[in-house]
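Commentary on secondary and tertiary structure
Given next are the chains, with one letter for each unit.
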Amino acid sequence: MKVSLRQIDGPWTAGYVLDKHLLRSVYLGDDSQGQPRLEHIRTDVGEAVFQLKHRGDRQQAEVLAAALREHVLPRLGQVGFLVPMPPSRMRPWQPVSAVARALALQMRLPIFERLLLRAPLSRPLTDMPTREERLLALSGAFSLHDEIHNQGMWNALLIDDMVDSGATLEAASLVLRKYRKVNHLYVAALAWQ
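Residues numbered from 1 in each chain as written. Predicted model: local features only at pLDDT ≥ 70, side-chain atom pairs only at ≥ 80, totals over all residues. Heavy atoms only, no water.

Let us look at helix α2 (residues 59-71). Over its 13 residues, α2 extends 19 Å from the first C-alpha to the last, a length consistent with the 18 Å expected when each residue adds 1.5 Å. Along its buried surface, α2 packs onto β2 (14-20), α1 (44-54), α3 (95-107), β8 (154-163) and β9 (182-192). (Helix = DSSP H or I, 4+ residues; strand = E, 2+ residues; numbered from the N terminus. Expected span 1.5 Å × (residues − 1). Contact = heavy atoms within 4.5 Å.)

Right under this line is the structure:
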């Protein structure tokens, strides 16, 4: 899988995104109801994320996990456990968790899917035009559930699917940084908007 790795800065030790999601959209004309039809040209990563999230192709979780393992993990310190970003909406299965589980199996690392919890927001982040509005809405949205029973500190990797303003990663990271069992916090996202 071709990637165009990008480093991202925030309240974490190191963070990376595999690639841009969408390269361009081509207008194909209007449909019979007068709605515009578009053909979306995606990167390899963007197409894999699309197929996983919107077409239910769960095999893409393995492919995306392998891309994280190959391109992101070598740039980080030793990772002790994985944390998938809690979902913003409920689905029968969660794409980010599927990628995190696949990476956990590939790397033989523990994964904690309920360590970081997320309360629902009163309105979608996409309805908030500024990063500041998003950060304000997300303050208090994340909480910790101490599900690690061993004593000690480990480096954690927080995994998310899409990054736009980075507000969600920042809000979640600020909560995880306060957890007494996290030493260094790393973040990895699959694609940016």
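Residue position: Val17 is located in strand β2. Spatially, the C-alpha atoms of Val17 and Glu133 are 23 Å apart, while their sequence positions differ by 116 residues. Beyond its immediate stretch of four places on either side in the chain, Val17 contacts Ser4, Leu5, Arg6, Ile8, Val163, Ala189, Leu190, Ala191 and Trp192.

In this section: the pattern of salt bridges. Applying the stated criterion across every chain yields a total of eight salt bridges. For Asp161, the salt bridge goes to Lys53, with nearest N and O atoms at 2.8 Å. Placement of the pair is Asp161 in strand β8 and Lys53 in helix α1, with a sequence separation of 108 residues. Here Asp146 ties to Arg180 by a salt bridge, and the two come within 2.8 Å at their closest N and O atoms. Taken together, the residues Asp146 in the loop between β7 (142-144) and β8 and Arg180 in the loop between α5 (167-177) and β9 connect sequence positions 34 residues apart. (Salt bridge = Lys/Arg side-chain N within 4 Å of Asp/Glu carboxyl O.)

The subject of this paragraph is the packing of aromatic side chains. Applying the stated criterion across every chain, the model contains one aromatic pair. Relative to Phe112, the ring of Phe81 has its centre 5.4 Å away and its plane inclined at 85°; by these criteria the two rings are edge-to-face. In this pair, Phe81 sits in strand β5 (residues 81-84) while Phe112 sits in the loop between α3 and β6 (116-118), placing the two residues 31 residues apart along the sequence. One cation-aromatic arrangement involves Arg6 over Trp192; the distance from NZ or CZ to the ring centre is 4.3 Å. (Phe/Tyr/Trp six-rings, centres within 6.5 Å; stacked < 30°, edge-to-face > 60°. Lys NZ or Arg CZ within 6 Å of the ring centre and 35° of its normal.)

Let us now look at the side chain of Arg42. Among the secondary structure elements, Arg42 is positioned in strand β4 (residues 36-42). A distance of 3.2 Å separates the side chain of Arg42 from the side chain of Glu47, its partner in a polar contact. Residues within four places of Arg42 in sequence aside, it is in contact with His21, Leu22, Leu23, Glu47 and Phe50. (Polar contact = N/O pair within 3.5 Å; in protein donor to acceptor, adjacent residues only side chain to side chain.)

By the secondary structure assignment, His40 is in strand β4. Using a relative accessible area of 35% as the deciding quantity, one classes His40 as partly exposed. Sequence separation between His40 and Leu23 is 17 residues, and the spatial gap between their C-alpha atoms is 7.7 Å. When near neighbours in sequence (up to four residues on either side) are disregarded, His40 contacts Leu22, Arg24 and Ser25. At 2.7 Å, the side chain of His40 forms a polar contact with the side chain of Ser25. (Buried < 20%, exposed > 50% of the residue type's maximum accessible area, 1.4 Å probe, protein only.)

With mixed pairing, five strands are arranged side by side in an open sheet as β1-β2-β9-β8-β5. On the outer flanks of this sheet lie β1 (6-7) and β5, each paired with one strand and no other. With eight bridges connecting them, β8 and β9 associate as parallel partners. Across the sheet, the residue bridging to Leu157 is Tyr186, located in β9. (Pairing = 2+ DSSP bridges.)

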